[in-house]
Amino acid sequence: MANKNLKIVFFGTPEFAVASLDRLVRNGFDVAAVVTMPDKIGGRGHKVIQSAVKDYAVAHNLPLLQPEKLKDPEFVEALRAIGADLFIVIAFRMLPEVVWTMPPMGTFNLHGSLLPRYRGAAPINRAVMNGDTETGVTTFFLKHEIDTGDIIGQEKISVGPDEDAGSVYDRLMEIGAELTCRTVSQIAEGGVEAVPQLKMSDIEPTLAPKIFKEDCHINWNSSAARIHNHVRGLAPHPGAWTELHYPDGNILTVKILKTRLSDGCTQALSPGELAIIGRDVFCGCADGCAVVLETVQPAGKKAMPAPDFARGLRLGEDGVLPCFK
């Protein structure tokens with residue numbers, strides 16, 4: 001079956017999925033329909049919020065479905081009526097079996113990790129938070145258990161020691177789009193030899209659960225390297241946070257958006273203790289080392305260079321800086 005005759009339904013929601021959808025459209029694949037999340041009401045003024053995938057579909061006149069429930073008989077029949085050969089799922093909800101088993105050529109997913117590592121909702125963040133020096137993207141056929149299906153293809157990238165999750169996300173989005181198109185071509189040409197994840201014995205299965213607010217809290221009783229990885233793994237969104245405790249009892253929540261490992265702090269600092277030395281703002285960690293704060297965002301304000309923030313700190317009566325906890 002030639003690529004141009006392969007009828008596809010694309011499932012996705014955020015920008016990460018748009019890159020692959022755009023690459024499919026520009027390469028002449030037949031995207032017969034797009035499925036995305038229903039619109040939401042939110043933000044100031046209670047405006048209608050559309051997914052990035054919907055924005056793209058509307059702009060390119062692609063047929064669009066936005067089901068509230070994926071098991072809704074009306075939605076299932078609408079999908080069946082399209083007569084698609086293949087479904088592609090990228091950053092979407094978990095599909096019910098009645099949906100992902102529908103197309104004769106199967107349903108595949110693009111996932112932002114080197115499966116079986118980082119199965120779950122936040123693979124990119126978790127890889128950077130854990131200090132991994134390598135990650136990548138994987139295409140695999142869906143099966144009942146989430147992110148456990150047989151692997152079709154993978155692409156790897158290296159992760160720099162100071163690179164944040166946003167940068168890794170952008171790079172994986174682009175190579176993921178290339179892998180998506182290549183996977184469709186392989187399936188169309190009958191050249192797929194999917195490999196069960198259990199046979200990839202050199203990669204230990206790990207989980208990458210959704211990130212909640214408490215996951216973003218910085219534990220200053222950790223090593224400098226671990227804190228640095230925590231910060232960059234959550235940057236730019238949702239952002240690692242901490243609380244600045246003033247001697248008078250006041251507390252200010254601060255996001256730490258960028259740090260670097262210290263080449264050497266000239267004074268010993270307790271975990272969470274701040275010091276301004278020259279143009280640098282140091283914060284102590286549990287291993288006796290320090291991180292240098294580069295970009296911070298106090299609650300209610302825009303992100304700013306850490307030295308600008310430090311210059312505006314209220315000092316205690318004895319001139320002591322407040323402390324992070």
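In short, a report on the structure.

Definitions and limits used
- Residues numbered from 1 in each chain as written.
- Predicted model: local features only at pLDDT ≥ 70, side-chain atom pairs only at ≥ 80, totals over all residues.
- Heavy atoms only, no water.
- Axes fitted to C-alpha atoms, helices over the stretch in contact; angles between N-to-C directions.
- Helix = DSSP H or I, 4+ residues; strand = E, 2+ residues; numbered from the N terminus.
- Parallel < 35°, antiparallel > 145°, perpendicular 65-115°, else oblique.
- Left-handed = near helix turned anticlockwise from the far one by under 90°.
- Contact = heavy atoms within 4.5 Å.
- Core = buried A, V, L, I, M, F, W, Y, C linked by side-chain atoms within 4.5 Å.
- Buried < 20%, exposed > 50% of the residue type's maximum accessible area, 1.4 Å probe, protein only.
- Expected span 1.5 Å × (residues − 1).
- Polar contact = N/O pair within 3.5 Å; in protein donor to acceptor, adjacent residues only side chain to side chain.
- Pairing = 2+ DSSP bridges.
- Phe/Tyr/Trp six-rings, centres within 6.5 Å; stacked < 30°, edge-to-face > 60°.
- Lys NZ or Arg CZ within 6 Å of the ring centre and 35° of its normal.
- Nonpolar A, V, L, I, M, F, W, Y, C, P; charged D, E, K, R; others polar.

## Concerning the packing of helix H1 (residues 15–26) against helix H6 (residues 165–188)
Working note: a packed helix pair is described by the angle between its axes plus the distance between those axes. Packing of H1 against H6 brings their axes to within 8 Å, and their N-to-C directions diverge by 40°. In terms of axis orientation, H1 runs oblique to H6. Here H1 and H6 pass one another in a crossing that is right-handed. Residue-level contacts link Glu 15, Phe 16, Ala 19, Ser 20, Arg 23 and Leu 24 of H1 to Tyr 169, Leu 172, Met 173, Glu 174, Gly 176, Ala 177, Glu 178, Thr 180, Cys 181 and Val 184 of H6.

## Things to note about the nonpolar core
Of all hydrophobic cores here, the largest spans 37 residues; its most connected members are Phe 10, Phe 16, Leu 21, Leu 24, Ile 88 and Val 184. If one sorts the elements of this core by residue count, H6 sits on top with ten residues. Filtering out sequence-adjacent residues up to four positions away, Phe 10 remains in contact with Ala 17, Ser 20, Leu 21, Leu 24, Val 31, Ala 33, Val 34, Val 35, Ile 88 and Ile 90. One finds Tyr 246, Val 254, Ile 256 and Leu 293 within the second-largest nonpolar core, a separate group that totals 29 residues.

## As for unusual backbone geometry
Cis rather than trans, the peptide bond between Ala 235 and Pro 236 has omega equal to 0°. When you line up the elements, Pro 236 lands in the loop between helix H7 (224–233) and strand S10 (240–245). We note that Tyr 118 has phi near 60°; this positive angle belongs to a residue other than glycine. Positionally, Tyr 118 belongs in the loop between strand S7 (107–111) and helix H5 (123–129). For Tyr 118, a relative accessible area of 3% translates into the label buried. Of note in this structure, Asp 147 is not a glycine but carries a positive phi near 60°. Along the chain, the position of Asp 147 falls in the loop between strand S8 (134–141) and strand S9 (151–158).

## Some remarks on H6
Residues three or four positions apart in an α-helix share a direction because the helix packs 3.6 residues into each turn. Counted at 1.5 Å a residue, the expected span for H6 with its 24 residues is 34 Å, and the 33 Å between its end C-alpha atoms agrees. Structurally, the start of H6 carries an N-cap: the backbone nitrogen of Gly 166 is 3.1 Å from a side-chain oxygen of Asp 164.

## Quick word on the environment of Phe 309
Mapped onto the fold, Phe 309 is located in helix H8 (residues 306–311). On the accessibility criterion, Phe 309 (10% relative accessible area) is buried. When the C-alpha atoms of Phe 309 and Ile 276 are compared, they prove to be 11 Å apart, with 33 residues separating the residues in sequence. If near-sequence neighbours (up to four positions away) are discounted, Phe 309 is found in contact with Leu 244, Leu 252, Val 254, Val 296, Pro 298, Met 304 and Phe 324.

## Some remarks on the environment of Ser 51
Inspection of the secondary structure puts Ser 51 in the loop between strand S4 (47–49) and helix H2 (52–59). The sequence separation of Ser 51 and Lys 143 amounts to 92 residues, and the corresponding C-alpha distance is 26 Å. One polar contact links the side chain of Ser 51 to the main-chain amide nitrogen of Lys 54, over a distance of 3.0 Å.

## Description of the sheet that holds strand S5 (residues 64–65)
As a general point, the strands of a sheet are linked pairwise by backbone hydrogen bonds and lie either parallel or antiparallel. Reading across the sheet, the seven strands line up as S5-S2-S1-S6-S7-S8-S9 and stay open at both edges, with mixed pairing between neighbours. The open sheet is flanked by S5 and S9, the only strands paired with a single partner. The pairing of strand S1 (residues 7–12) with strand S6 (residues 86–90) spans five bridges and is parallel. If you follow Phe 10 over to S6, its bridge partner there is Ile 88. In the packing of helix H3 (residues 73–82) onto the sheet, the strands contacted are S1, strand S2 (30–35), S5 and S6, and the crossing angle to S1 comes to about 145°. Taken strand by strand, H6 contacts S1, S6, S7, S8 and S9, and its axis lies near 150° from that of S9.

## Examining the packing of aromatic side chains
In this structure the tally under the stated criterion is four aromatic pairs. Measuring from centroid to centroid gives 5.6 Å for Trp 220 and Phe 324, while their planes differ by 10°, and the two rings are stacked. Taken together, the residues span a long stretch of sequence, with Trp 220 in the loop between H6 and H7 and Phe 324 in strand S16 (residues 323–324) at a distance of 104 residues. Note on Trp 220: relative accessible area 4%, which makes it buried. In textbook terms, an aromatic cluster arises when at least three aromatic residues are bridged by ring pairs, as seen for Phe 11, Phe 87 and Phe 92. Lying over the aromatic face of Trp 241, Lys 213 brings its terminal NZ or CZ to 5.4 Å of the ring centre.

## Remarks on the packing of H1 against H2
Running from N to C, H1 and H2 cross one another at 25°; their axes reach a closest spacing of 8 Å. By the criterion of interaxial angle, the relationship of H1 to H2 is roughly parallel. Between H1 and H2, the residues in contact are Glu 15, Ala 17, Val 18, Leu 21, Asp 22 and Val 25 and Ala 52, Val 53 and Tyr 56, respectively. Classifying every residue of the contact of H1 with H2 gives seven nonpolar, no polar and two charged.

All we've got here are geometric facts, nothing functional implied.
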